[in-house]
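Listed here are the chains, written in short residue letters.
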Amino acid sequence: MANFQEIHAHMEFEEWAYQQGLQDSEKYLIETYLDKSGKTVEAGTGGGRILLAMQNLGFKHLYGFDYLTDFIDAATKNDQTQQIIFTAQNASQLNYQDCFFDNAIYLQQVVCYPDSDTERLKVLQEAYRILKVGGIAIFSVLLFDARLKSLAYSLFIQYIRLLRVLRFSQRSIQYLPSLQIQRQNNYSALLDAPPYMYWYKMEEFYRALTELNFEVIAMGTNHQVDCRKTSDTPTELAQLSLGNQLYCVCRK
């Protein structure tokens, strides 16, 4: 049974190491909320796609880390300027100084891949620690609420829940087998085989951020961000059409 490290190191290495350009939602959030002159760190940088695009947008003092040294090697080669500082690190135990960054970008693969509540909390705690007071962090997570609103996926969730009952599994239903990662062999996902990704409930992720003393200044799923109409509370957002990816912009 493959885990994410094995998948990224072999099956999907080329895809993550050599992607280029920003998604429209990423570009909007980065240009709207982040300080081009400040120090910026990207967690789970892969081949440096986001940081290289930010460099072209005029951002300075860029840092990126990933847990695979092969990704860091690829990112370093992709940076023709050799001005971005890439390092191999674990998101739950970083070696950056306290309050070192003005901007931080933590997208879903960093926040949703850890397979325990404790590990996911450590990732968020480290993000808070390394950010300056007044600094801005952009997070994205997979949104369980959106899955429940989809008939097809709600049936899939019920099926997985039944499998776990029959197997006496205590795994939370918010850990779902990855249909996307296993697209070459979706039978594994139908058998509830790993790797799993954790799908956050909206209120749950909002509470996790605010309990760390982050101030959530904007939030929205990919639907809202694409339309440039974000909310500042989960109650307001829950009334809208939800996409699978939740973005939260936070100030320390």
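Residues numbered from 1 in each chain as written. Predicted model: local features only at pLDDT ≥ 70, side-chain atom pairs only at ≥ 80, totals over all residues. Heavy atoms only, no water.

Here we take up the confidence of the model for the chain. Scored by pLDDT, the chain has a mean of 89; 90% of the residues are at 70 or more. Low pLDDT, under 50, characterises residues 6–10; the stretch is placed with 14 contacts to residues that sit more than four places away or in other chains. (pLDDT = per-residue confidence, 0-100. Contact = heavy atoms within 4.5 Å.)

Turning our eyes to something else, we now look at the sheet that holds strand β2 (residues 62–66). Judged by pairing direction, the sheet is mixed, and its seven strands sit side by side in the order β3-β2-β1-β4-β5-β9-β8 without closing on themselves. Looking at strand neighbours, the two that pair on one side only are β3 (85–88) and β8 (215–221), the edges of this open sheet. With strand direction ignored, the average angle separating the axes of adjacent strands in the sheet is 15°. With respect to the sheet, helix α3 (residues 24–33) is in contact with β4 (101–106), β5 (131–142), β8 and β9 (245–251), its orientation differing from that of β9 by roughly 10°. (Pairing = 2+ DSSP bridges. Helix = DSSP H or I, 4+ residues; strand = E, 2+ residues; numbered from the N terminus. Axes fitted to C-alpha atoms, helices over the stretch in contact; angles between N-to-C directions.)

Moving on: the nonpolar core. Counting 52 residues, the largest nonpolar core has Tyr106, Phe139, Phe205, Leu209 and Leu246 as the members making the most contacts within it. Among the elements that make up this core, the one with the highest residue count is β5 (five residues). If sequence neighbours within four positions are ignored, tyrosine 106 has contacts with Ala43, Phe65, Leu94, Val111, Val123, Glu126, Ala127, Ile130, Ile138, Phe139 and Ser140. One finds Tyr28, Leu29, Ile30 and Val249 within the second-largest nonpolar core, a separate group that totals 22 residues. (Core = buried A, V, L, I, M, F, W, Y, C linked by side-chain atoms within 4.5 Å. Buried < 20%, exposed > 50% of the residue type's maximum accessible area, 1.4 Å probe, protein only.)

What follows concerns unusual backbone geometry. The omega angle of the peptide bond from proline 194 to proline 195 is 10°, so this bond is cis rather than trans. Within the secondary structure layout, proline 195 lies in the loop between α10 (186–190) and β7 (196–198). Phi is positive for arginine 228, which is not a glycine, with a value near 60°. Note on placement: arginine 228 falls in the loop between α12 (222–226) and α13 (234–237).

Here we come to the environment of threonine 69. With respect to the secondary-structure elements, threonine 69 resides in helix α5 (residues 69–78). It is 27 Å that separates the C-alpha atoms of threonine 69 and tryptophan 199, two residues lying 130 residues apart in sequence.

Attention now goes to the pattern of salt bridges. Applying the stated criterion across every chain yields a total of nine salt bridges. Close ionic contact of arginine 228 with aspartate 24 constitutes a salt bridge, the shortest N to O distance being 3.2 Å. Highlighted residues: arginine 228 in the loop between α12 and α13 and aspartate 24 in helix α3, separated in sequence by 204 residues. Residues arginine 164 and aspartate 192 are paired through a salt bridge, measuring 2.9 Å at the closest nitrogen-oxygen approach. Of this pair, arginine 164 sits in helix α9 (residues 151–166) while aspartate 192 is found in the loop between α10 and β7, placing the two residues 28 residues apart along the sequence. Across this residue pair, the class does not change: arginine 164 and aspartate 192 are buried. When salt bridges with common partners are traced through the structure, they connect Asp98, Glu126 and Arg129 into a single cluster. (Salt bridge = Lys/Arg side-chain N within 4 Å of Asp/Glu carboxyl O.)

Tallying each qualifying case throughout the model produces 14 aromatic pairs. Taken together, a centroid distance of 6.4 Å and an interplanar angle of 85° make the contact between tyrosine 63 and tyrosine 96 edge-to-face. Here tyrosine 96 lies in the loop between β3 and β4 and tyrosine 63 lies in strand β2, a separation of 33 residues in the sequence. With relative accessibility at 10%, the residue tyrosine 96 sits in the buried group. (Phe/Tyr/Trp six-rings, centres within 6.5 Å; stacked < 30°, edge-to-face > 60°.)

This part is about the state of the cysteines. If you walk through the whole model with that rule in mind, you get zero disulfides. Lacking any disulfide linkage, cysteine 250 is separated from the closest cysteine sulfur, that of cysteine 248, by 5.6 Å. (Disulfide = S-S within 2.5 Å.)

Together, Tyr159, Tyr187 and Leu190 make up a nonpolar patch on the protein surface, roughly 340 Å² of accessible area in all. Of note, tyrosine 159 is situated in helix α9. (Patch = residues over 30% accessible without salt bridge, like charges linked within 9 Å, V, L, I, M, F, W, Y side chains within 5 Å. Areas by Shrake-Rupley, 256 points an atom, 1.4 Å probe, with all protein chains shown as cover.)

Another aspect to go through is the pairing of strand β1 (residues 40–43). The side chains of a regular strand alternate between the sheet's two faces. Burial of β1 is two-sided: the residues Thr40 and Glu42 facing one way and the residues Val41 and Ala43 facing the other way are all buried. Sheet topology places β1 next to β2; four bridges connect them, and they run parallel. In the sheet register, valine 41 faces β2, and the bridge partner there is tyrosine 63. Crossover β1 to β2 through helix α4 (residues 49–56) is right-handed. (Right-handed = clockwise from strand over helix to strand, strands pointing away.)

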